[in-house]
Every structure is written in C-alpha cells, then in structure tokens.
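Listed here are the chains, written in short residue letters.
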Amino acid sequence: MSALPLTAAPVDRPRQTRWLLRLHRPAIYTWAVLWLALVALLLALDGPLLNAAADAWRQYERCTTSERCSYDQNAILRYKDYYNYATIALNVLPFVLAAWAGAALTGRELESGTARLAWTQATSPAHWLAVRLALPALGVTVCTGLLAWLHHRAWTASQGRIESAKEWYDRFTFHAGGPTLAAMALAGLAAGALAGLLLRRTLPALAVGLVAVGVVRWLTELAMPHLWPAVTRLSTVDQGFLGKGMVVDQGMVTASGAHVPPPTCDSAASCAAAFDRFTGRYNTYQPQSHLWGVQLTTTALTLAVAALLVTGCFLVLRRQTGTLRAARP
C-alpha cells in the first residue's frame, strides 16, 4: 500500500482574529460600555426626556395667555444638556477611534515587535493588516450606524415639540444623525492605522491620528455644502437674506445682475451708502429637503477618503516589509 503524500498543514487564519480580540479585550469592553451608555441616552432623548421637555414647552407657551403660570424649566434645560452631550460624544467618536487605531491597533504592535513575530508564524503582513482593519471596521460600522439612526430618530421626534431643538444643518447634529458618522468613524480608523504604520510608535501615532482625522473632518466641512445642487433665492436689500438651511454663499446683487460679496462698513452712514449701490441680495443654500442628498454625497466623499487611507496602509506596509505575501513553510 503506497504512502499518502505529505502536504503542508493549512494556515489557521481564524487564529489572528482570536488573537486580535484577546489582545484588545480592554478596548472592546470600554467601547461596549460607551456604546450602551450612548444607546440608553439616545433612547431617553426619544422618550422620557423628550416628553418632559415637550410638556414644559407647552406650559411655557400658555404663559403668554395667562398672568399666573409656571413651567418646568429644569426639564427643558435637562433635555438641552443631554442632547448636546450625546451629539458631541458621537462627533468625538471618530477621533477616539483614530487615537486607538494609531496607538494600539498598529503602532503598539510594531513598536513592541509582536507584528513581526506574527509574520514569522505563517501569517503574511497583508493578512495581518487586513484582519486589523476589517474586524474593527465591521464593528464600527454596525455600532455607529445604529447610534446615528437613534440620534436621527430622537432629533426627528423633537421637531415641532421642542422650541430650542437644533436645526438639521447644525454641523454637530448633521454628522451625528446620518451615515456620515459611520463614514467618518471608518476614516478615523484608517487614519490612525496609517499613522501607526508610518511612525511605528504608540504616542506619536496617537497624536498624528488625531490630527489626520481632524484634517479629514475640516476638508469635509469645506466641501459638504457644495456636493449637492443648491437653491438660490433673491430678495431686496431691505428684506435681508431669504431662505433657511445650510448656507453655501450669500451676497449682494448689482444693477447688472452680478453677485458680489456683501460690503464692509464701520458706521451707519457708510453702510447706508454702501448698500444703496445694490439692487438686492442673494442667498444660496441647501434647504431641509436636500438633507439626505447632502448626507449621502458627504458619506460617499468620506468613504472615498477612507479607501485612500486604507490603500495607503497597504502601500506603506509593502514598502516596509518588501512583500505582502510571506513565504509559506
């Protein structure tokens, strides 16, 4: 009976996943606690906190028709404070992810040498990096997607019930209540990972990751109003700017119909003389009906930036290791 041919043992690819989960267990637990706290807060903003504040606003509105009345001001302030806490926390998440990715996901393993040890255990550098990007990206997308949905639901429920509710074009509300939150979180993850690969040190990678995601957010803010066709409304000089929404451009209309920036003046007399030269005003803006158009185009732009950052991660790793496929034993 002929002997069976010897074959190399298959690589246990799931081992990298188990190792990643075990290595970053404290971060996973911290993320779970933070995520659950935000979910609970957003549900409260869509439930008891909202109802109490809405009742207080109704009581306040009745004060205009009655000489003696009272309303629960604390309920209004409580809702406002907790809404701001939740919204700011969601906007900060991409920065937290960038710091963690730079310091722990790639930077610490490269600094301590555990990454090179993994590459000698029948794990290619490409597979090592793919696991470290794909697994957190999946969790981040699901978690931030749900948080964004809960935030948008809470914001929608406040419209018409809370007089001090934020407008849709408020930058923090806009990013916290749509798919741009998940896209920005993925960009933060990729930016931090790239910083860790470039610097190979924990603290510098943490700082550079924070700066990188801040630059991405700043560039997104600049481009966002221009990513969807805007609406322009004309008005007389005395009417002021008409239309409400995310402002793209504002200015004055000359007698020839040209659009120019508003004049600068330092006194009432000089302002009156400056505005007499114009026939009207123009306001170019994104109305609320364009909310999802702006959201989706901003999300696509941010995802494109995230994809470029991920590509940069693999290119940097290839330059550092010489090849993306380690030789198999």
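How each quantity is defined
Residues numbered from 1 in each chain as written. Predicted model: local features only at pLDDT ≥ 70, side-chain atom pairs only at ≥ 80, totals over all residues. Heavy atoms only, no water. Helix = DSSP H or I, 4+ residues; strand = E, 2+ residues; numbered from the N terminus. Rg over C-alpha atoms; globule rule 2.2 N^0.38 Å. Buried < 20%, exposed > 50% of the residue type's maximum accessible area, 1.4 Å probe, protein only. Contact = heavy atoms within 4.5 Å. Areas by Shrake-Rupley, 256 points an atom, 1.4 Å probe, with all protein chains shown as cover. Lys, Arg positive; Asp, Glu negative; His and termini not counted. Charge placed at Lys NZ, Arg CZ, Asp CG, Glu CD. Phe/Tyr/Trp six-rings, centres within 6.5 Å; stacked < 30°, edge-to-face > 60°. Core = buried A, V, L, I, M, F, W, Y, C linked by side-chain atoms within 4.5 Å. Patch = residues over 30% accessible without salt bridge, like charges linked within 9 Å, V, L, I, M, F, W, Y side chains within 5 Å. Salt bridge = Lys/Arg side-chain N within 4 Å of Asp/Glu carboxyl O. 1 Å grid on protein atoms, 1.4 Å probe; cavity = no way out; pocket = protein on both sides within 12 Å on 5 of 7 lines; lining within 4 Å. Points joined across faces, edges and corners; volume = space filled by probe spheres on them. Nonpolar A, V, L, I, M, F, W, Y, C, P; charged D, E, K, R; others polar. Pairing = 2+ DSSP bridges. pLDDT = per-residue confidence, 0-100.

1. Some remarks on the overall build of the protein chain
Right, so step 1: Across its full length, the protein chain carries eleven helices and four strands.
Right, so step 2: Rg of the C-alpha trace for the protein chain: 27 Å, well past the compact-globule value of 20 Å for 329 residues, more than 25% over.
Right, so step 3: Taken over 329 residues, the protein chain has a buried fraction of 42%.
Right, so step 4: Sequence separation of 24 or more characterises 79% of the internal contacts of the protein chain that already satisfy a separation of 6 or more.
Right, so step 5: If you sum the accessible surface of the protein chain, you get close to 17600 Å²; carbon and sulfur atoms cover 63% of it.
Right, so step 6: Of the side chains in the protein chain, 28 bear a positive and 17 a negative charge, and the two mean positions are spaced by 18 Å.

2. Considering the packing of aromatic side chains
Right, so step 1: Within the structure shown, the criterion is met by six aromatic pairs.
Right, so step 2: With 5.6 Å between their ring centres and 90° between their planes, tryptophan 57 and tyrosine 60 make a pair best called edge-to-face. Linking tryptophan 57 with tyrosine 60, this pair stays in helix H3 (residues 48–62), spanning three residues, or about one helical turn.
Right, so step 3: The partly exposed category is assigned to tyrosine 60, whose relative accessible area is 38%.
Right, so step 4: Taking the centre distance of 5.8 Å and the plane angle of 85° together, the rings of tyrosine 82 and tyrosine 85 count as edge-to-face. Taken together, the residues span about one helical turn, with tyrosine 82 and tyrosine 85 both in helix H4 (residues 73–112) at a distance of three residues.

3. Focus: the nonpolar core
Right, so step 1: Judged by nonpolar contacts, the single largest core of 46 residues is most densely connected at Leu42, Leu45, Tyr79, Leu90, Leu147, Ile162 and Phe174.
Right, so step 2: For this core, the secondary structure elements donating two or more residues are helix H2 (25–45), H3, H4, helix H6 (125–158), helix H7 (171–176), helix H8 (180–199) and helix H11 (291–321).
Right, so step 3: A per-element tally of this core places H4 first, with ten residues.
Right, so step 4: Once you skip the residues sitting within four places of it in the chain, leucine 42 turns out to touch Ala86, Leu90, Leu147, Leu150, His151 and Ala154.
Right, so step 5: Core analysis: the next-biggest nonpolar cluster, separate from the first, contains 16 residues, Ala115, Leu194, Leu309 and Leu317 among them.

4. Notes on a nonpolar patch on the surface
Right, so step 1: A cluster of nonpolar side chains, namely Val211, Val215, Trp218, Leu219 and Leu222, defines an oily patch on the protein surface of about 500 Å² accessible area.
Right, so step 2: Summarising the element assignment, valine 211 is placed in helix H9 (residues 202–223).

5. With respect to empty space enclosed by the protein
Right, so step 1: Inspection of every chain in the model, using the stated rule, returns two cavities of 30 Å³ or more.
Right, so step 2: As for the largest cavity, its lining consists of His151, His152, Trp155, Trp168, Thr173, Phe174, Gly177, Leu291 and Gln295.
Right, so step 3: Looking at the lining of the largest cavity, the elements that each hand over two or more residues are H6, H7 and H11.
Right, so step 4: Per element, the largest residue contribution to the lining of the largest cavity is three residues, and it comes from H6.
Right, so step 5: Its residues assigned to classes, the lining of the largest cavity comprises four nonpolar, five polar and no charged.
Right, so step 6: Estimated volume of the second largest cavity: approximately 40 Å³.
Right, so step 7: The wall of the second largest cavity is formed by Leu90, Asn91, Pro94, His175, Thr180, Leu181, Met184 and Arg217.

6. Thoughts on the sheet that holds strand S1 (residues 231–235)
Right, so step 1: Pairing is antiparallel in the open sheet, where four strands are placed in the order S1-S4-S2-S3. The open sheet has two edge strands with one neighbour each: S1 and strand S3 (259–260).
Right, so step 2: In this structure, strand S2 (residues 246–253) lies alongside S3, joined through two bridges in antiparallel fashion. Each bridged residue has a counterpart across the sheet, and for methionine 252 the counterpart in S3 is valine 260.

7. Comments concerning unusual backbone geometry
Right, so step 1: In the Ramachandran plot, arginine 200 falls in the positive-phi region, its phi being about 60° despite a non-glycine side chain.
Right, so step 2: Within the secondary structure, arginine 200 is located in the loop between H8 and H9.
Right, so step 3: Classification of arginine 200 as partly exposed rests on a relative accessible area of 26%.

8. Some details on the pairing of strand S4 (residues 280–286)
Right, so step 1: Of all the seven residues making up S4, seven are buried; the element is thus mostly covered by neighbouring parts of the structure.
Right, so step 2: Neither face of S4 is exposed, since Gly280, Tyr282, Thr284 and Gln286 on one face and Arg281, Asn283 and Tyr285 on the opposite face are all buried.
Right, so step 3: Bridge analysis of S1 against S4 gives five bridges, and the strand direction is antiparallel. Across the sheet, the residue bridging to leucine 234 is tyrosine 282, located in S4.
Right, so step 4: As paired elements, S2 and S4 share seven bridges and run antiparallel to each other. Note that in S4 the partner of aspartate 249 across the bridge is threonine 284.

9. Let's talk about the confidence of the model for the protein chain
Right, so step 1: The predicted model of the protein chain has a mean per-residue pLDDT of 86, with 92% of residues at 70 or higher.
Right, so step 2: Predicted confidence in the protein chain is weakest over helix H5 (residues 114–119), with a mean pLDDT of 72, and strongest over H7, with 95.
Right, so step 3: Low pLDDT (under 50) marks residues 6–14, which in the prediction has six contacts with non-local residues, meaning those over four places away or in another chain.

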